[in-house]
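# Observations on chain architecture
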Amino acid sequence: TPAPAGSDSAPCGPYWCGGVADGDSAPPGAESASHIAATTICQHLTDALGDGLPTGDDATIALFTGAFDLAHERIVTSDGEPVGACTVAAAIHGPSRVVVANIGDTRAFWFPGDGKAVRLTTDDSVAQMQIEMGVPRDRAEHGAGPHAISQWIGARAPDITPRVVASEPSRSGW
């Protein structure tokens, strides 16, 4: 069964790569942007894993940043379609480590086989920006436009730098 338009995944040796993109409904072309983002990011990560997952933080961040940059470039230069926009989450799952990156409000979770899901990503939203500046969560989440996204890739993207987080789960899961 083919993957939905905004998702892709691939095995690569002991690793698994996955990407999910959610089209931003504001500009036309969101479905195309989601498809381009998910397939481009997954392919970039899979190709890079031929040499193994980078061990250093800077190299790991650069790997994901390069994948998101490439997806953004392909979205904004696509021919024949309106230029859309989307939010994205991507992950590499290895034997002992999970690395996730996201931009916007597309989320990644770890689902331990014997416990409650753990959210691995942080949204790029107006409320989250306020919380990071010291505004109490309750006030930030009930202010003006708290769930408006502050980052995405594609049309009119202000900043395409993903948040990258590594985790070493203590329990098996997915």
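Scroll up to find the structure this text is about.
We now turn to the structure provided with this report. (Residues numbered from 1 in each chain as written. Predicted model: local features only at pLDDT ≥ 70, side-chain atom pairs only at ≥ 80, totals over all residues. Heavy atoms only, no water.)

### Overview of the side chain of His-72
With respect to the element layout, His-72 can be found in helix α2 (residues 57–76). Here Gly-154 takes part through its backbone nitrogen, which lies 2.9 Å from a polar atom of the side chain of His-72. For His-72, the residues in contact, after removing those within four places along its chain, are Ile-153, Gly-154, Ala-157 and Ile-160. (Helix = DSSP H or I, 4+ residues; strand = E, 2+ residues; numbered from the N terminus. Polar contact = N/O pair within 3.5 Å; in protein donor to acceptor, adjacent residues only side chain to side chain. Contact = heavy atoms within 4.5 Å.)

### Some thoughts on the environment of Val-118
Here Val-118 is to be found in strand β6 (residues 118–119). Between the alpha carbons of Val-118 and Cys-86 there is a distance of 23 Å; along the sequence they are 32 residues apart. Beyond its immediate sequence surroundings of up to four residues, Val-118 is in contact with Ala-108, Phe-109 and Trp-110.

### Topic: the nonpolar core
Nonpolar side chains tend to gather and get buried jointly when the protein is soluble and globular. In this structure, Leu-45, Phe-68, Val-88, Ile-92 and Ile-153 are the most contacted members of the largest nonpolar core, which totals 28 residues. Within the residue set of this core, elements represented by two or more residues are β2 (15–23), α1 (30–48), α2, β3 (85–93) and β4 (98–103). Here the element with the most residues in this core is α1; it accounts for 7 residues. Those residues in contact with Ile-153, other than ones at most four positions away along the chain, are Ala-37, Phe-68, Ala-71, His-72, Ile-75, Gly-84, Ala-85, Cys-86, Val-88, Ile-103 and Ile-160. Ranked by size, the runner-up nonpolar core spans 6 residues in total, among them Val-98, Ala-108, Trp-110 and Leu-120. (Core = buried A, V, L, I, M, F, W, Y, C linked by side-chain atoms within 4.5 Å. Buried < 20%, exposed > 50% of the residue type's maximum accessible area, 1.4 Å probe, protein only.)

### Topic: the packing of aromatic side chains
Following the criterion strictly, the structure yields 1 aromatic pair and no others. Consider the rings of Phe-109 and Phe-111, whose centres lie 6.1 Å apart with planes at 35°: the pair is tilted. For Phe-111, a relative accessible area of 31% gives the class partly exposed. (Phe/Tyr/Trp six-rings, centres within 6.5 Å; stacked < 30°, edge-to-face > 60°.)

### Remarks on the packing of α1 against α2
For the pair α1 and α2, interaxial distance at closest approach is 8 Å and the crossing angle is 145°. By crossing handedness, the relation of α1 to α2 is classed as right-handed. In this structure, α1 contributes Ala-33, Ile-36, Ala-37, Thr-40, Ile-41, His-44, Leu-45 and Ala-48 to the contact, and α2 contributes Leu-63, Phe-64, Gly-66, Ala-67, Phe-68, Leu-70, Ala-71, Arg-74 and Ile-75. Of the residues that constitute the contact of α1 with α2, the class distribution is 13 nonpolar, 3 polar and 1 charged. (Axes fitted to C-alpha atoms, helices over the stretch in contact; angles between N-to-C directions. Left-handed = near helix turned anticlockwise from the far one by under 90°. Nonpolar A, V, L, I, M, F, W, Y, C, P; charged D, E, K, R; others polar.)

### Describing the pattern of salt bridges
Considering all chains together, one arrives at 5 salt bridges under this definition. Its salt-bridge partner being Asp-123, residue Arg-107 comes within 2.6 Å of it at the nearest N-O pair. Placement of the pair is Arg-107 in the loop between β4 and β5 (109–110) and Asp-123 in the loop between β6 and α3 (126–132), with a sequence separation of 16 residues. Of the residues examined, Arg-107 reaches a relative accessible area of 41% and is grouped as partly exposed. (Salt bridge = Lys/Arg side-chain N within 4 Å of Asp/Glu carboxyl O.)

### Thoughts on unusual backbone geometry
Backbone geometry places Arg-156, a non-glycine residue, at a positive phi of 55°. One can find Arg-156 in the loop between β7 (153–154) and β8 (163–167). With a relative accessible area of 64%, Arg-156 lands in the exposed category.

### Brief notes about α2
Over its 20 residues, α2 extends 29 Å from the first C-alpha to the last, a length consistent with the 28 Å expected when each residue adds 1.5 Å. Listed as buried for α2 are Thr-60, Leu-63, Phe-64, Thr-65, Ala-67, Phe-68, Ala-71, His-72 and Ile-75. In the core, the buried residues of α2 are packed alongside α1, β3, β4, β7 and β8. (Expected span 1.5 Å × (residues − 1).)

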